[in-house]
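Coordinate inspection notes
Below, each chain spelled out in residue letters.
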Amino acid sequence: MVLEDRVVALPDQLPARWRNEQVALRYVVDSSPCTGTTSAAISLYRVGAPYQIRADGVTLVSLLARNRFEPARVPGVARPDTAATPPVFNGRIPNLFALPATATHVTGDLLTLPYIP
């Protein structure tokens, strides 16, 4: 069930009725003006909660964390399939994501209640 679908300005002032565990927040950013470019990116400074991010349904990879936060490998232990589970990003840490050249929209799903108003 969708409570509301509207254009927001940032920072988004969430109504009090949305500040409970029964509400999931999803932001959709129109990235169609960047379609066809090979250098488009989206920078997220403060999201307000742990989040997952996709462009046209495809999970995005952080350009900042791609090489620095590789999980440690334990000899003899198989690594979990990370393709099945999209990464969760910390909303307090700024991040940068490259957009595929065909992306028309970016979707960010907040996984908890926002902690930054």
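Here's a quick rundown of the structure. (Residues numbered from 1 in each chain as written. Predicted model: local features only at pLDDT ≥ 70, side-chain atom pairs only at ≥ 80, totals over all residues. Heavy atoms only, no water.)

Let's talk about the overall build of the protein chain
Cut-off, in case you're wondering: Counting from the N terminus, the helices are the DSSP runs of H or I reaching at least four residues and the strands are the DSSP runs of E reaching at least two. A contact between two residues is defined here by any heavy atoms of the two lying within 4.5 Å.
For the protein chain, the count of helices and strands is zero helices and six strands. Going residue by residue from the N terminus, the α and β elements of the protein chain occur as β-β-β-β-β-β. A separation of at least 24 residues holds for 83% of the contacts in the protein chain among residues at least 6 apart in sequence.

Here we look at the sheet that holds strand β1 (residues 26-30)
For clarity, the cut-off: Note: two strands are recorded as paired if DSSP finds a minimum of 2 bridges between them.
An order of β1-β6-β3-β4 is seen for the four strands of this open sheet, with the pairing classed as antiparallel. Looking at strand neighbours, the two that pair on one side only are β1 and β4 (58-59), the edges of this open sheet. The pairing of strand β3 (residues 51-55) with strand β6 (residues 105-110) spans five bridges and is classified as antiparallel. Directly across from Arg54, in β6, lies its bridge partner Thr107.

Considering the layout of surface pockets
Our working rule: Each cavity reported here is a set of points on a 1 Å grid over the protein atoms alone in which a 1.4 Å probe fits but cannot get out, each pocket an open set with protein on both sides within 12 Å along at least five of seven lines, and each lining residue one with an atom within 4 Å of a point. Grid points are joined across faces, edges and corners, and a volume is the space filled by probe spheres set on the points. Basically, the charged four are Asp, Glu, Lys and Arg, the nonpolar ten are Ala, Val, Leu, Ile, Met, Phe, Trp, Tyr, Cys and Pro, and anything else, Gly included, counts as polar.
For the largest pocket, the calculated volume is near 1,300 Å³. Val8, Asp12, Arg26, Tyr27 and Leu110 are, among the 41 residues lining the largest pocket, the residues nearest its centre. Only β1, β2 (41-44), β3 and β6 provide two or more residues apiece to the lining of the largest pocket. Here the element with the most residues in the lining of the largest pocket is β6; it accounts for five residues. Looking at side-chain class alone, the lining of the largest pocket contains 27 nonpolar, six polar and eight charged residues.

Let's talk about the environment of Thr104
Quick reminder of the rule: Contacts described as polar in this section are N or O atom pairs within 3.5 Å, which, within protein, must combine one atom able to donate a hydrogen with one able to accept it, while residues neighboring in sequence count only if both atoms come from side chains.
Examined against the element boundaries, Thr104 turns out to sit in the loop between β5 (95-98) and β6. Along the chain, Thr104 and Ala55 lie 49 residues apart, while their C-alpha atoms are 7.4 Å from each other. Leave out the neighbours within four places in its chain, and Thr104 touches Val29, Asp30, Ser31, Ser32, Thr35 and Asp56. Separated by 3.3 Å, the side chains of Thr104 and His105 make a polar contact.

Thoughts on the pattern of salt bridges
Put simply, the test is: A carboxyl oxygen of Asp or Glu within 4 Å of a side-chain nitrogen of Lys or Arg is what we treat as a salt bridge. Using a 1.4 Å probe on the protein chains alone, a residue whose accessible area is under 20% of its type maximum counts as buried, one over 50% counts as exposed, and one in between counts as partly exposed.
If you walk through the whole model with that rule in mind, you get five salt bridges. Residue Glu4 pairs with Arg17 through a salt bridge whose shortest N-O separation is 3.3 Å. With a gap of 13 residues between them, Glu4 in the segment before β1 and Arg17 in the segment before β1 connect regions that are remote in the sequence. Across the pair Arg54 and Asp109 runs a salt bridge whose closest N-O atoms are separated by 3.3 Å. Of this pair, Arg54 sits in strand β3 while Asp109 sits in strand β6; the two residues are 55 residues apart in sequence, bridging distant segments of the chain. Using a relative accessible area of 21% as the deciding quantity, one classes Arg54 as partly exposed. Overlapping salt bridges, with partners in common, bring together Glu4, Arg6, Asp12 and Arg17 in one network.

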